[in-house]
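Each chain, letter by letter, is given below.
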Amino acid sequence: QSSKRCAVIGGSGFLGRHLVEKLADKGYTVSVFDIRQSYELPGVTFYLGDLCDKQALLPALRDVSLVFHCASPAPGADDRALFERVNISGTRTVIQACHEAGVQKLVLTSSASVVFEGTDIKNGKEDLPYAKKPIDFYTLTKIQQEKLVLEACDKENGFLTVAIRPHGIFGPRDPQLVPILVDTARRGKMKFIIGNGSNLVDFTYVENVVHGHVLAAERLRPESPICGQAYHITNDEPVFF
Ligand code: NAD
């Protein structure tokens, strides 16, 4: 299988589309798997389906050596069953489909919230433990999802995995984060401060998040220390919450 053939699960999303565009620029042949198609790009093939459906996934992974998994229900939904179905069972299905299709590398988009307990973290590193009391169902299932992917790393059988943990992502076509913040501020609903006004929160520019994914994928080799590891990703400062 050509190392330049890859699939992006969730490739119609905000981050996914930026990743697909970068990969196409770098000469990869890209398949997108998503429940929806939000754009067209020459050389990119779309496969529509639910990632919980292995039979739907398999055609998108055929002849692909590298898979990026950046699909998730939107974090704001208060639907535990949906998060469990897509992020936990669905991730098991993605891993099984990768095995069946002979995929060699899987890069997961996780989230920095997997280590967030609701209290400040400054200069947080990857050795922080997973949150014992995750802040919501989304985060609870992102933790389980990350564990599944990292535990699936198996050098003997040639299946390598890594996870990238951004916090907030901003950039062109961001559908939620910054537009909602700006809209709320415009409507005069941000006239309160939590804490003394010195709290910091980490936002990463989408191109940097994409760069982290591509670097991780390209460095993921059997002898590499990144196999089976998770990495926080930020701009040029450590992670702040
Ligand atoms: P997004 O909602 O724009 O994209 C997610 C994509 O996943 C969508 O295109 C959606 O259709 C697809 N999808 C959802 N359920 C699916 C299913 N069952 N089968 C197939 N496709 C499905 O979200 P995003 O902001 O691009 O987030 C991408 C990833 O980054 C997610 O894993 C998210 O947890 C993670 N993340 C995002 C942020 C952020 O600030 N945006 C921060 C940290 C982590």
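Everything below is about the structure shown above.
Below you will find a few notes about this structure. (Residues numbered from 1 in each chain as written. Predicted model: local features only at pLDDT ≥ 70, side-chain atom pairs only at ≥ 80, totals over all residues. Heavy atoms only, no water.)

Quick word on the site of the ligand
Consideration 1: In the neighbourhood of the ligand, 24 residues make up the surrounding shell, with Leu15, Asp34, Tyr138, Lys142 and His167 lying closest.
Consideration 2: Asp50 has a polar side-chain atom sitting 3.1 Å from a nitrogen atom of the ligand.
Consideration 3: The contact in question runs from an oxygen atom of the ligand to an N or O atom on the backbone of Ile169, over 2.9 Å.
Consideration 4: Judged by the proximity of its atoms to the pocket grid, the ligand belongs to the largest pocket.
Consideration 5: For the shell around the ligand, the secondary structure elements donating two or more residues are helix H1 (14-25), helix H4 (137-151) and strand E8 (168-170).
Consideration 6: Along the lines of polarity and charge, the residues of the shell around the ligand split into ten nonpolar, ten polar and four charged. (Near = heavy atom within 4 Å. Polar contact = N/O pair within 3.5 Å; in protein donor to acceptor, adjacent residues only side chain to side chain. 1 Å grid on protein atoms, 1.4 Å probe; cavity = no way out; pocket = protein on both sides within 12 Å on 5 of 7 lines; lining within 4 Å. Sits in = over half its atoms within 2 Å of the grid points. Helix = DSSP H or I, 4+ residues; strand = E, 2+ residues; numbered from the N terminus. Nonpolar A, V, L, I, M, F, W, Y, C, P; charged D, E, K, R; others polar.)

Quick look at the packing of helix H3 (residues 80-101) against H4
Consideration 1: Running from N to C, H3 and H4 cross one another at 10°; their axes reach a closest spacing of 9 Å. As far as their axial angle goes, H4 and H3 are roughly parallel. Residues Arg80, Phe83, Glu84, Asn87, Ile88, Thr91, Arg92 and Ile95 of H3 form the contact with H4, whose own contacting residues are Phe137, Tyr138, Leu140, Thr141, Lys142, Gln144, Gln145, Leu148 and Val149.
Consideration 2: Classifying every residue of the contact of H3 with H4 gives eight nonpolar, five polar and four charged. (Axes fitted to C-alpha atoms, helices over the stretch in contact; angles between N-to-C directions. Parallel < 35°, antiparallel > 145°, perpendicular 65-115°, else oblique. Contact = heavy atoms within 4.5 Å.)

Here we look at the pairing of strand E4 (residues 66-69)
The side chains of a regular strand alternate between the sheet's two faces.
Consideration 1: Of the two faces of E4, the one lined by Leu66 and Phe68 and the one lined by Val67 and His69 are each fully buried.
Consideration 2: Pairing of strand E1 (residues 5-9) with E4 involves four bridges; the strand directions are parallel. Considered in E4, the bridge of Ile9 is made with His69.
Consideration 3: Of the strand pairs in this sheet, E4 and strand E5 (residues 105-109) are connected by four bridges, and their pairing is parallel. Paired with Phe68 across the strands is Val107, a residue of E5.
Consideration 4: Between E4 and its parallel partner E5, the chain crosses via H3, and the hand of that crossover is right-handed. (Buried < 20%, exposed > 50% of the residue type's maximum accessible area, 1.4 Å probe, protein only. Pairing = 2+ DSSP bridges. Right-handed = clockwise from strand over helix to strand, strands pointing away.)

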